[in-house]
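# Residue-level structure breakdown
Residue-level listing of the chains:
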Amino acid sequence: MLNEGKDRAKILIVEDSSTQAALLKRMLEHYYYDVTVADNGLNGSIMAKKIVPSLIISDVNMPVMDGYEMCKIIKGNEALQSIPIILLTELSNPDDIIYGLECGADNFIIKPYSERSLLSRIDYLLATSRIRKSDGAGVGIELSLGNKTYLINSEKRQILNLLVSTYEKTLEQNRELKEKEQELTTLNAILEQRIAEETKSGMQKEQLLIQQSKMAEMGGMINAIAHQWRQPLNVISSMAQDLDEAYEYGELNRDYLVNVKDTILSQVDFMSKTVDDFCGFLRPSKEKIIFDIKRSIEEIVSMFSPYFVKSGITLNLDFIYEDVSALGYPNEFKQVILNLINNARDAILIRHAKEATQTELPVEGIINIGITKEYEKIKVTVTDNGGGIPEAIIGQIFEPYFTTKGSNKGTGVGLYMSKTIIENNMGWKLRAANAEGGAQFVIEI
Ligand SMILES: Nc1ncnc2c1ncn2[C@@H]1O[C@H](COP(=O)(O)OP(=O)(O)OP(=O)(O)O)[C@@H](O)[C@H]1O
Ligand SMILES: [Mg+2]
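Residues numbered from 1 in each chain as written. Chains lettered and ligands numbered in written order. Predicted model: local features only at pLDDT ≥ 70, side-chain atom pairs only at ≥ 80, totals over all residues.

A tally of helices and strands in the protein yields ten helices and 14 strands. Burial analysis of the protein (445 residues in total) assigns 27% to the buried set. Nonlocal contacts in the protein, meaning residues at least 24 apart in sequence, comprise 68% of its contacts between residues at least 6 apart. (Helix = DSSP H or I, 4+ residues; strand = E, 2+ residues; numbered from the N terminus. Buried ≥ 20, exposed ≤ 12 C-beta atoms within 10 Å, placed from the backbone. Contact = placed C-beta atoms within 7 Å.)

This is how it looks when you write it as structure tokens:
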């Protein structure tokens, strides 16, 4: 409500902080109130007598005389007692309200307050001040709170006003709380969505890396299959050639044919088993199971050993006698072992290539896979004699895409994937060190 025109309502502000007073004055003048300021309770009561304002807004804590004392003085003066007084307070405990009532305050505005709530309170008090003048006498109640007794002489309307003002504040706080709660819920939802998106994109990246490293292994795998097939294919082709001669020499009887058929079928069986083994290995494990670590390593070694022998490298197994089982993903575990032995083979071949340019005879390539168990701690080690990992790069070898083999030979994903599988998926540990003459990778289960 704007107070334009001649009868601008007079408001007295009693406030010791000059900044607070100036802010409030500016705000009220903006709504055309006629504003006077006093800087403490004493000056406030003197000013009230002088100008007889329509309303007083007073701070509580002030030097010389506080808001409560001033309230008492004004309410005790017959000429001034009908002027509504609003106390600005922090209302930190119920005594504040009761003491305010005792002193005859009409309304509380709890700091920090909004412009809207202060203006509506002023409007209301000014509009009802006429009624108040004719509203009966004090109630006169004695009220005990804590260990103090208060005598409340306020009018009924005044008490109601005070209660309404605190109730209003509670409602306002409640509304703010609700808004904050709503904000939090929205934030939470956004956060959850973000996490889901991030997780999804992280998983997609990891999936891509796994695929990449599988593709890298496929090349080696096809070589290994080709190698495994060479032997049976030789057998089959020489049998086919013998058929001609057998016919020439009249040896091609029923027994001869059955023998050829059996041999070919057994070779084909062997060949299809090789393919099955490799396909089985490529398939990801569906869930964690308890699996036999020794057998898994033996399976990988028997699949790849012939291929390694071809490169002049011996794969040695150095296992303890006990059963060694663990909970994990068996195919992924085999993939890690394959990564490690492939890296060892590469290191040995690089060393051989270097040594070929020198006069000495190349050292025989050896990869040793060991299993040890100490106090229930199982360790799988893959040790080679490929010359070791240069100290300058040993801290980087587990990073994705780190390779020293050139982009057409290595993807640099092998060890990153191996570490992810061992540490994140299985909860074990994978670390690298240099042993005598080569590198040693240790999986701690
Ligand atoms: N047994 C080892 N001896 C020496 N260096 C090794 C050994 N194993 C790994 N490295 C070093 O770590 C690097 C990273 O190995 P990683 O398996 O991650 O990638 P890569 O073998 O280069 O490529 P790919 O993704 O094809 O396996 C290798 O390029 C090599 O320099
Ligand atoms: Mg590798």
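A rise of 1.5 Å per residue sets the reference length of helix α1 (residues 18–30), with its 13 residues, at 18 Å; its end C-alpha atoms lie 18 Å apart and thus fit the reference within 8%. Of the residues one or two after α1, Tyr32 is the one with positive phi, at around 65 degrees. (Expected span 1.5 Å × (residues − 1).)

This part is about the environment of Gly410. By the element assignment, Gly410 lies in the loop between β12 (377–384) and α10 (414–425). Spatially, the C-alpha atoms of Gly410 and Asn343 are 9.7 Å apart, while their sequence positions differ by 67 residues. With near-sequence residues (within four places) excluded, Gly410 lies in contact with Thr403 and Lys405.

Any residue range with low pLDDT should be treated as having predicted coordinates unsuitable for detailed reading. This prediction gives the protein a mean pLDDT of 83; 84% of its residues lie at or above 70. Ranking the elements of the protein by mean pLDDT puts strand β6 (residues 141–145) last, at 60, and strand β14 (residues 438–444) first, at 97. (pLDDT = per-residue confidence, 0-100.)

Okay, the packing of helix α9 (residues 330–356) against α10 next. Running from N to C, α9 and α10 cross one another at 145 degrees; their axes reach a closest spacing of 9 Å. Read as a crossing pair, α9 and α10 show a hand that is left-handed. Contacts between α9 and α10 involve Glu332, Gln335, Val336, Asn339, Leu340 and Asn343 from the former and Gly414, Leu415, Met417, Ser418, Ile421, Ile422 and Asn425 from the latter. Across the contact of α9 with α10, the residue classes tally to six nonpolar, six polar and one charged. (Axes fitted to C-alpha atoms, helices over the stretch in contact; angles between N-to-C directions. Left-handed = near helix turned anticlockwise from the far one by under 90°. Nonpolar A, V, L, I, M, F, W, Y, C, P; charged D, E, K, R; others polar.)

A few words on unusual backbone geometry. Even without glycine at this site, Val64 takes up a positive phi of about 65 degrees. Secondary-structure assignment places Val64 in the loop between β3 (55–59) and α3 (67–75). On the neighbour-count criterion, Val64 (13 C-beta atoms within 10 Å) is partly exposed. Even without a glycine there, the phi angle at Tyr375 is positive, about 45 degrees. Here Tyr375 shows up in the loop between β11 (365–374) and β12.

Here we take up the sheet that holds β14. Spatially, β9-β11-β12-β14-β13 is the arrangement adopted by the five strands of the open sheet, whose pairing is mixed. Each edge of the sheet is formed by a strand with only one pairing partner; in this case those strands are β9 (313–318) and β13 (429–435). The average undirected angle you get between the axes of adjacent strands in this sheet is 15 degrees. The pairing of β12 with β14 spans five bridges and is classified as antiparallel. Residue pairing across strands places Val380 opposite Ile443, the latter belonging to β14. Docked against the sheet, α9 engages β9, β11, β12 and β14, running at close to 25 degrees with respect to β12. (Pairing = 2+ DSSP bridges.)

Since one α-helical turn is 3.6 residues long, residues separated by three or four positions face the same way. Gly41, Gly44, Ser45 and Ala48 are the residues of helix α2 (residues 41–51) that are buried. The buried residues of α2 occupy one face: seen down the axis, they fall within an arc of 95 degrees. Elements that come into contact with the buried residues of α2 comprise β1 (10–14), β2 (34–38), β3 and α3. One or two residues past the end of α2 sits Val52, with phi positive at roughly 40 degrees. (Arc of directions from axis to C-beta.)

The next subject is the site of ligand 1. In the neighbourhood of ligand 1, 22 residues make up the surrounding shell, with Asn343, Thr403, Gly410, Gly414 and Leu415 lying closest. Among the secondary structure elements, those contributing two or more residues to the shell around ligand 1 are α9 and α10. Across the shell around ligand 1, the residue classes tally to ten nonpolar, ten polar and two charged. (Near = placed C-beta within 6 Å.)

Moving on: the nonpolar core. Ile337, Leu340, Ile341, Ala344, Ile367 and Val382 are the most contacted members of the largest nonpolar core, which has 35 residues in total. Broken down by element, this core gets its largest block of residues, nine residues, from α9. Not counting residues up to four positions away in its chain, the partners in contact with Ile337 are Ile297 and Ile300. Of all hydrophobic cores here, the second largest spans 34 residues; its members include Leu12, Val14, Leu55 and Leu87. (Core = buried A, V, L, I, M, F, W, Y, C linked by C-beta atoms within 7 Å.)

Pairing in this open sheet of five strands is parallel, and the strands run β2-β1-β3-β4-β5 from one edge to the other. Unpaired on one side and paired on the other, β2 and β5 (107–110) mark the two borders of the sheet. In this sheet, neighbouring strand axes are inclined to one another by 20 degrees on average, regardless of whether the strands run parallel or antiparallel. For β1 and β2, the ladder comprises five bridges, and the chain directions are parallel. Looking at β2, one finds that Ile13 is bridged to Val37. In the packing of α1 onto the sheet, contacts are made with β1, β2 and β3, and the angle to β2 comes to roughly 170 degrees.

In this structure, Val309 sits in helix α8 (residues 293–310). Given 12 C-beta atoms within a 10 Å radius, Val309 is considered exposed. Considering only alpha carbons, one finds Val309 and Gly365, 56 residues apart in sequence, at a separation of 9.5 Å.

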